Amino acid sequence: CLRLAEQGTSRMKARKRIRIGQLGIGHNHGAEKMAALRKLSDHFEVVGVAESDPEWREKRQALPAYDGLPWLTEEELLNTDGLAAVAVETDVPELIPAAYRCVEAGMHLHLDKPGGEALAPFREMLELADSKELVVQMGYMYRHTPAIQLCLRAVREGWLGRIFEVDCVMNRMDGMEY
């Protein structure tokens, strides 16, 4: 057992970390995504952050998740040697245009939800990624919760009969600014 554990440890050390950057800090989950990437330093090497909107830079660049990271232009980020993936964390209206540019540059993506404001551009981005054999990971926090899994099972197994309408509410208290 000890020899197998040592082999596994040496394989982990030999594994190359994924070079990743973040494009945009305007999404409400951007800093948390960066904090998660930095916490997983055995797997990811964060190369930097790009944000072209001065208002977002002013609001969020001092968050602890970005402490000590290089701030790059989008062009610098996408041209970083060995960059393999980008976490797209722009403000929602810019998610798909930014993701599309990353895919054009040959990057795998983590794309926060929603998948843009319209289905057609989202679909085009996914088709381009598929044609380049790139992975697009959507951020969605509910998919593995037991309650959602139970609901999906109920639907798949017909427990609820024929579903003709779904009404959902996410109870949150966001201020007027949000």
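Just so it is clear, the model here is predicted, and its values are computed rather than measured.

Remarks on the pattern of salt bridges
- The full count for this structure, using the stated rule, is three salt bridges.
- For Glu-45, the salt bridge is made with Arg-19, and the minimal N-O distance between the two is 3.2 Å. Taken together, the positions of Glu-45 in strand E2 (residues 44-50) and Arg-19 in strand E1 (residues 18-23) put the pair 26 residues apart, joining distant regions of the chain.
- Take Glu-45: its relative accessible area is 26%, and that puts it in the partly exposed class.
- By relative accessible area, which is 23% here, Arg-19 ends up partly exposed.
- Measuring nitrogen to oxygen at the nearest pair gives 2.6 Å for the salt bridge that ties Glu-74 to Arg-101. Separated by 27 residues along the polypeptide, Glu-74 in helix H4 (residues 74-78) and Arg-101 in helix H5 (residues 95-104) bring together distant segments of the chain.

Some words on the pairing of E1
- Note that E1 and E2 share six bridges and pair parallel. Counterpart to Leu-23 in the pairing with E2 is Ala-50.
- For the crossover that starts at E1, traverses helix H2 (residues 30-39) and ends in the parallel E2, the hand is right-handed.
- In the sheet, E1 pairs with strand E4 (residues 85-88) via four bridges, with the strands oriented parallel. Note on E4: the bridge partner recorded for Ile-20 is Ala-85.

Here we look at the packing of aromatic side chains
- Taken as a whole, this structure holds one aromatic pair when the rule is applied.
- The ring of Trp-56 carries Lys-59 above its face, with NZ or CZ at 4.8 Å from the centroid.

A look at unusual backbone geometry
- Of note, the bond from Lys-113 into Pro-114 is cis; its omega dihedral lies within 30 degrees of zero at -5 degrees.
- Within the secondary structure, Pro-114 is located in the loop between strand E5 (108-112) and helix H6 (119-131).
- Phi is positive for Glu-133, which is not a glycine, with a value near 55 degrees.
- Following the sequence through the fold, Glu-133 ends up in the loop between H6 and strand E6 (136-139).
- A relative accessible area of 70% means that Glu-133 is categorised as exposed.

Comments concerning the sheet that holds E5
- Strand order in the open sheet made by the six strands is E3-E2-E1-E4-E5-E6, with parallel pairing throughout. The strands lining the two open edges of the sheet, one partner per strand, are strand E3 (71-72) and E6.
- Its contacts with the sheet place H6 against E5 and E6, and it is angled at close to 140 degrees to E6.

What counts, and at which threshold
- Residues numbered from 1 in each chain as written.
- Predicted model: local features only at pLDDT ≥ 70, side-chain atom pairs only at ≥ 80, totals over all residues.
- Heavy atoms only, no water.
- Salt bridge = Lys/Arg side-chain N within 4 Å of Asp/Glu carboxyl O.
- Helix = DSSP H or I, 4+ residues; strand = E, 2+ residues; numbered from the N terminus.
- Buried < 20%, exposed > 50% of the residue type's maximum accessible area, 1.4 Å probe, protein only.
- Pairing = 2+ DSSP bridges.
- Right-handed = clockwise from strand over helix to strand, strands pointing away.
- Phe/Tyr/Trp six-rings, centres within 6.5 Å; stacked < 30°, edge-to-face > 60°.
- Lys NZ or Arg CZ within 6 Å of the ring centre and 35° of its normal.
- Contact = heavy atoms within 4.5 Å.
- Axes fitted to C-alpha atoms, helices over the stretch in contact; angles between N-to-C directions.

Read these as layout, nothing more, since geometry by itself doesn't imply function.
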